[in-house]
Every structure is written in C-alpha cells, then in structure tokens.
Amino acid sequence: MSFSEEQEALVKEAWEIMKEDIPALSLYFFTQVLEIAPAAKGLFSFLKDAEEIPQDNPKLKSHAVKVFKMTCEAIQLREKGEVVVSGSTLKYLGSVHLQKGVIDAHFAVVKEGVLRTVEKGVGEKWSEEMKGAWSEAYDQLAAAIITEMKKEA
Ligand code: HEM
Ligand code: ISQ
C-alpha cells in the first residue's frame with residue numbers, strides 16, 4: 001500500500017496545525033489512550049506512579065510528539081519505498097516496545113488515540129479523507145514496528 005499525493009498533503013496539513021498546540025494535544029492524546037485502555041498507564045515510566053496524568057511533564061510531551069512526527073514521516077514511504085524514522089531506528093523502536101511489554105492489540109488503541117487527537121487538533125479541517133490518510137500512515141508505521149518486535153521476540 002502507498003500514499004497518494006493527496007493523502008500526503010492531508011497528513012502534513014494536519015501536523016502544521018497541531019504543532020501550534022503541542023502541550024494541550026499531548027495531554028489529550030494520553031488521556032484518550034488511557035480512557036480506552038486504563039491498564040496502559042502502568043507501561044509508561046512517567047505515569048506509573050502518578051495519581052493522574054501530569055499536566056506539564058516534558059517526557060509526556062516529547063513522547064506524544066514523537067508518535068505524531070514519526071507518523072508524519074511514514075508518508076515518505078511513497079518516495080523512499082520503506083518506512084523511515086528519524087532520531088531513532090525501527091530496530092530500536094521494536095526493542096523498546098518489546099521490552100516494555102507492548103503487544104499487538106495496543107497498537108489499535110494508540111491508533112484510535114492518534115485519530116481522536118488529530119480530529120480535535122484540526123477542528124473544522126477534519127474529514128473522512130484526512131482520517132483515512134492518518135490511518136494509513138499510522139498502519140504502515142505500526143506494521144514496521146511490529147515486524148521488528150517479532151524479529152527480536
Ligand atoms: C516508547 C514511538 C506505539 C508504549 C516509545 C518511544 C518512541 C515510541 C519513539 C521511545 C521514546 C524514547 O525513548 O525517547 C511509538 C510509535 C508507535 C508506538 C511511533 C506507533 C506507531 C506504542 C504502543 C504502545 C507504546 C502501541 C502501547 C501502549 C510505549 C512505552 C514506551 C514507548 C510504554 C516507553 C515509555 C517510557 O516509559 O519511557 N514509543 N510508539 N508505544 N512506547 Fe511507543
Ligand atoms: C506510545 N509510544 C510512545 C508514546 C506514546 C504516547 C501516547 C500514547 C502512546 C505512546
């Protein structure tokens with residue numbers, strides 16, 4: 001599967017808007033993920049012992065941003081023929097997630113969190129097409145990470 005130019009543009013358009021509101025959207029992202037899967041809280045080192053989601057935790061923000069940025073980058077698949085991630089490697093991502101005890105089913109939870117966050121972030125620019133573009137980008141990236149996790153397991 002690959003991205004159309006239109007899908008690429010939609011992913012980029014959303015991120016350009018979301019970038020301006022990172023603290024609030026990061027918090028929203030974690031809130032959504034934990035609402036769907038409360039047990040996922042125990043997986044994150046900076047959430048485990050917290051009563052509630054910390055409002056201003058730099059780790060929380062940077063983690064959330066990484067997920068969104070990497071999803072954006074996954075759209076380079078069209079040009080490069082493979083999923084590219086910057087600042088880290090797929091191998092590293094595979095091993096971190098394996099080590100933390102992440103399983104396949106969690107990826108669907110995080111996907112839902114990503115989509116809800118984009119919807120909130122872009123407001124009236126939200127559309128079925130934009131949802132499709134983000135879904136596709138996320139699925140490609142998740143599949144690449146899961147492949148690495150399986151290789152190592
Ligand atoms: C850590 C990205 C899916 C749980 C990380 C890190 C990155 C990342 C980049 C490393 C952060 C760092 O060391 O700087 C992604 C991407 C995903 C994804 C791009 C999907 C496409 C998931 C899923 C789960 C998960 C499905 C399960 C809930 C975690 C946990 C850590 C982590 C628990 C370690 C956090 C900590 O305690 O420091 N992820 N992740 N990730 N991820 Fe993900
Ligand atoms: C998965 N991996 C890293 C960071 C995350 C932030 C929120 C939800 C899922 C995540």
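Here the structure is a predicted model, which is why all the values come from computation and not from measurement.

*Asks:* Looking at this structure, I do not really get the overall build of the protein chain. What am I missing?
*Replies:* From N to C terminus, the protein chain includes seven helices and zero strands. Put simply, the protein chain runs from its N terminus to its C terminus through helices and strands in the order α-α-α-α-α-α-α. On C-alpha atoms alone, the protein chain measures out to a radius of gyration of 15 Å, which is about the 15 Å that the 2.2 N^0.38 rule sets for 153 residues. Taking the principal axes of the C-alpha coordinates as reference, the protein chain spans close to 45 × 40 × 25 Å. Expressed as a percentage of its 153 residues, the buried residues of the protein chain come to 24%.

*Asks:* Whenever I open this one, the packing of helix H1 (residues 5-18) against helix H6 (residues 104-122) confuses me. Can you help?
*Replies:* When two helices pack together, their arrangement is given by the angle between the helix axes and by the axis-to-axis distance. Their axes nearest at 9 Å, the elements H1 and H6 cross at an angle of 65 degrees. Taken together, the axes of H1 and H6 lie roughly perpendicular to each other. By crossing handedness, the relation of H1 to H6 is classed as left-handed. Of the residues in H6, those in contact with Ala14, Ile17 and Met18 of H1 are Val118, Gly121 and Val122. Of the residues assigned to the contact of H1 with H6, the class counts are five nonpolar, one polar and no charged.

*Asks:* Explain the site of ligand 2 here, please?
*Replies:* Around ligand 2, the surrounding shell consists of Phe29, Phe30, Val33, His63, Ala64, Val67, Val110 and Gly113. Of all the secondary structure elements, the ones that give two or more residues to the shell around ligand 2 are helix H2 (22-36), helix H3 (58-74) and H6. For the shell around ligand 2, the per-class residue count stands at six nonpolar, two polar and no charged.

*Asks:* What is the right way to read the packing of H6 against helix H7 (residues 128-152) from this model?
*Replies:* One way to put it is that H6 packs onto H7 with a least axis distance of 10 Å and a crossing angle of 150 degrees. Looking at the two axes, H6 sits roughly antiparallel to H7. H7 is crossed by H6, and the crossing has right-handed handedness. Taking contact as the criterion, the partners of Asp104, Phe107, Lys111, Val114, Leu115, Val118 and Val122 in H6 are, on H7, Met130, Lys131, Trp134, Ser135, Tyr138, Ala142 and Ile146.

*Asks:* What exactly am I supposed to notice about the environment of leucine 25 here?
*Replies:* Within the element layout of this structure, leucine 25 appears in helix H2. Taking the C-alpha atoms as reference points, leucine 25 and threonine 117, 92 residues apart in sequence, are found 6.5 Å from one another. Once residues lying within four places of it in the same chain are set aside, the contact partners of leucine 25 are Met18, Thr117 and Gly121.

*Asks:* Even after reading the chapter, I still don't get the site of ligand 1, so can you show me in this structure?
*Replies:* Around ligand 1 there are 21 residues in total, and Leu43, Ser45, Lys100, His106 and Val110 lie nearest to it. When contributions to the shell around ligand 1 are tallied by element, the ones reaching two or more residues are H3, helix H5 (90-99), H6 and H7. Of the residues belonging to the shell around ligand 1, the class tally is 14 nonpolar, five polar and two charged.

*Asks:* For this particular structure, what's the right way to read the nonpolar core?
*Replies:* Counting residues in hydrophobic clusters, the biggest one holds 27 residues, and the most contacted among them are Val11, Ala14, Trp134, Ala137 and Leu141. Counting residues per element, the ones that place at least two in this core are H1, H2, H3, H6 and H7. Tallying contributions element by element places H7 first for this core, with nine residues. Those residues in contact with alanine 137 that sit more than four places away from it in its chain are Val11, Thr71, Ala74 and Ile75.

The rules we used
Residues numbered from 1 in each chain as written. Chains lettered and ligands numbered in written order. Predicted model: local features only at pLDDT ≥ 70, side-chain atom pairs only at ≥ 80, totals over all residues. Helix = DSSP H or I, 4+ residues; strand = E, 2+ residues; numbered from the N terminus. Rg over C-alpha atoms; globule rule 2.2 N^0.38 Å. Buried ≥ 20, exposed ≤ 12 C-beta atoms within 10 Å, placed from the backbone. Axes fitted to C-alpha atoms, helices over the stretch in contact; angles between N-to-C directions. Parallel < 35°, antiparallel > 145°, perpendicular 65-115°, else oblique. Left-handed = near helix turned anticlockwise from the far one by under 90°. Contact = placed C-beta atoms within 7 Å. Nonpolar A, V, L, I, M, F, W, Y, C, P; charged D, E, K, R; others polar. Near = placed C-beta within 6 Å. Core = buried A, V, L, I, M, F, W, Y, C linked by C-beta atoms within 7 Å.

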